[in-house]
Amino acid sequence: MKYYPNFSDVFDDLFDSGVNTTKANTMLCDIRETENTYEMNIALPGYKKEDIALELKNGYLKVSASAKKEETAGRIVRRERYSGNCSRSFYVGEEFTEEDIKAKFDNGELMISVPKEAPKRVEKKSITIY
């Protein structure tokens, strides 16, 4: 029998499931290629839609999320849920605009659709009056 000088140490062995919690603040992402788009699925369990932000700048799509620490009654013996800020950036190309990228958040998963090619932009040309 193992001796535990501190009773809370028993929970370390009891709850040690071999899960790597060092990536707790990393957004896990799957990217799938379809005929016309790249589909990104980012796991964000425990987040709300309001906690997530998308920004397109210099060809990079930045996904940010902010989790707030929940106050609970009693002493926390073990905490594996991440609270704080995390973000990831993906290079999508400088020819895209915010209107080209579609996003949906449902049941803890952020789904982003990026077209393979940027839509052709119609240049507005003016007519010179002589």
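In this report, the structure presented in the accompanying data block is examined. (Residues numbered from 1 in each chain as written. Predicted model: local features only at pLDDT ≥ 70, side-chain atom pairs only at ≥ 80, totals over all residues. Heavy atoms only, no water.)

1. With respect to the overall build of the protein chain
Here is step 1: The secondary structure content of the protein chain amounts to one helix and seven strands.
Here is step 2: The linear arrangement of helices and strands in the protein chain, starting from the amino end, is α-β-β-β-β-β-β-β.
Here is step 3: Each of the 130 residues in the protein chain was classed as buried or not, and the buried ones make up 22%.
Here is step 4: Within the protein chain, residue pairs in contact and separated by at least 24 positions form 55% of the contacts whose partners lie at least 6 positions apart.
Here is step 5: For the protein chain, the accessible surface area stands at approximately 10,700 Å², while carbon and sulfur atoms represent 49% of it. (Helix = DSSP H or I, 4+ residues; strand = E, 2+ residues; numbered from the N terminus. Buried < 20%, exposed > 50% of the residue type's maximum accessible area, 1.4 Å probe, protein only. Contact = heavy atoms within 4.5 Å. Areas by Shrake-Rupley, 256 points an atom, 1.4 Å probe, with all protein chains shown as cover.)

2. So, the sheet that holds strand E3 (residues 52-57)
Here is step 1: Taken together, the three strands give an open sheet; going across it, the order is E3-E4-E5, and neighbouring strands pair in antiparallel fashion. For this open sheet the edge positions go to E3 and strand E5 (84-91), each flanked by a neighbour on one side alone. Looking at each pair of strands side by side, their axes are set apart by 15° on average, direction ignored.
Here is step 2: Pairing of strand E4 (residues 60-67) with E5, which is carried by eight bridges, proceeds in the antiparallel orientation. For serine 66, the partnering residue across the bridge sits in E5 and is asparagine 85. (Pairing = 2+ DSSP bridges. Axes fitted to C-alpha atoms, helices over the stretch in contact; angles between N-to-C directions.)

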